[in-house]
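Chains, contacts and geometry: an overview
Here's the letter readout for the chains.
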Amino acid sequence: MITQKSLVLMAACGSAALLAGAFFFQSLGWAPCEMCLWQRWPHAAAIGVGLIYFLLPARAFALLGAFAAAVAAGLAIFHSGVERVWWEGPASCTGSSDALSGLDATSLLPGGSDVPALVMCDTLEPFFLGLTMANWNALASLGLLAIWMMAARAR
């Protein structure tokens, strides 16, 4: 029988693996967009919840971890929809804002062309098997949500 403790460990380590993967691909030059960065925070929270659980084991922490995984999944699903143009995303990272039209960001910053280009959130870049990183994060986060829920129900 799988214990609550092992399920919490599995879920927290799953979030840690997703964050490690994100930082690894970023180190290889795969720059994240604004919404990609948003998706990292709930995973960091889930890791923190997992650590707290091992100090104070309580079902409430498993539920809190499930909430963090649900937020991560929700953000990833929203981002997936923005990438596939199912709905509009935030104007700050989709290019739908006219506020900065005609401005060149590199001319406003020191270093000029050395500044990395802004990564747009609505750019569809398949990563593996036709799915984007946001798509994979949504699937993984839903899996982690299931594990957290199993932990909350376990004794």
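Every value quoted in this text rests on a predicted model; they were computed, and no experiment measured them.

**A word on the overall build of the chain**
Along its length, the chain carries 6 helices and 0 strands. Here the chain holds 155 residues, and the buried ones make up 32% of them. When contacts within the chain are restricted to residue pairs at least 6 apart in sequence, long-range pairs at least 24 apart make up 79% of them. Accessible surface, the chain as shown: approximately 9200 Å² in total, 71% of it carbon and sulfur.

**Here we look at the packing of aromatic side chains**
A full pass over the atoms with the stated rule returns 6 aromatic pairs. Summarising the aromatic geometry, the rings of Phe24 and Phe25 are spaced 5.5 Å apart at their centres and angled 70 degrees between planes, so their arrangement reads as edge-to-face. With 6.3 Å between their ring centres and 5 degrees between their planes, Phe78 and Trp87 make a pair best called stacked. Taken together, Phe24, Phe25 and Trp30 form an aromatic cluster joined through their ring pairs. One cation-aromatic arrangement involves Arg40 over Phe23; the distance from NZ or CZ to the ring centre is 4.7 Å.

**Some words on the side chain of His79**
By the secondary structure assignment, His79 is in helix H3 (residues 59-83). Residue classification places His79 among the buried positions, given a relative accessible area of 1%. Not counting residues within four places of it along the chain, the set of residues in contact with His79 comprises Cys33, Met35, Cys36, Gln39, Cys121 and Ala134.

**Topic: H3**
A rise of 1.5 Å per residue sets the reference length of H3, with its 25 residues, at 36 Å; its end C-alpha atoms lie 36 Å apart and thus fit the reference within 8%. Downstream of H3 by a residue or two, Val85 has a phi angle that is positive, lying close to 60 degrees.

**What to know about the packing of helix H2 (residues 34-55) against H3**
Interhelical geometry of H2 versus H3 gives an angle of 170 degrees and a closest axis separation of 9 Å. Here H2 lies roughly antiparallel to H3, going by the angle between them. Facing Met35, Cys36, Trp38, Gln39, Pro42, His43, Ala45, Ala46, Val49, Ile52 and Tyr53 of H2, the residues of H3 in contact are Phe61, Leu64, Gly65, Ala68, Val71, Ala72, Leu75, Ala76, Phe78, His79 and Val82.

**Thoughts on unusual backbone geometry**
A positive phi angle, close to 60 degrees, is found at Val85, a residue other than glycine. By the element assignment, Val85 lies in the loop between H3 and helix H4 (91-94). With relative accessibility at 67%, the residue Val85 sits in the exposed group. Even without being a glycine, Leu129 presents a positive backbone phi close to 55 degrees. Note that Leu129 resides in the loop between helix H5 (105-108) and helix H6 (133-153).

**Notes on the packing of helix H1 (residues 4-27) against H2**
Where H1 contacts H2, the two axes come as close as 9 Å, and the packing angle between them is 145 degrees. Considering only the axes of H1 and H2, their crossing is left-handed. Of the residues in H2, those touching H1 at Gln4, Lys5, Val8, Leu9, Ala12, Ser15, Ala16, Leu18, Leu19, Ala22, Phe23 and Gln26 are Arg40, His43, Ala44, Ala46, Ile47, Gly50, Tyr53 and Phe54. A per-class count over the contact of H1 with H2 returns 13 nonpolar, 5 polar and 2 charged.

**Comments concerning H1**
Helix length check: H1, at 24 residues, gives a terminal C-alpha distance of 34 Å against a target of 34 Å (1.5 Å per residue), a fit within 8%. Contact partners of the buried residues in H1: H2, H3 and H6. Within two residues after H1, Gly29 carries a phi angle of roughly 105 degrees, on the positive side.

Cut-offs used in this document
Residues numbered from 1 in each chain as written. Predicted model: local features only at pLDDT ≥ 70, side-chain atom pairs only at ≥ 80, totals over all residues. Heavy atoms only, no water. Helix = DSSP H or I, 4+ residues; strand = E, 2+ residues; numbered from the N terminus. Buried < 20%, exposed > 50% of the residue type's maximum accessible area, 1.4 Å probe, protein only. Contact = heavy atoms within 4.5 Å. Areas by Shrake-Rupley, 256 points an atom, 1.4 Å probe, with all protein chains shown as cover. Phe/Tyr/Trp six-rings, centres within 6.5 Å; stacked < 30°, edge-to-face > 60°. Lys NZ or Arg CZ within 6 Å of the ring centre and 35° of its normal. Expected span 1.5 Å × (residues − 1). Axes fitted to C-alpha atoms, helices over the stretch in contact; angles between N-to-C directions. Parallel < 35°, antiparallel > 145°, perpendicular 65-115°, else oblique. Left-handed = near helix turned anticlockwise from the far one by under 90°. Nonpolar A, V, L, I, M, F, W, Y, C, P; charged D, E, K, R; others polar.

Remember that the coordinates give geometry; whether it matters functionally is a separate question.
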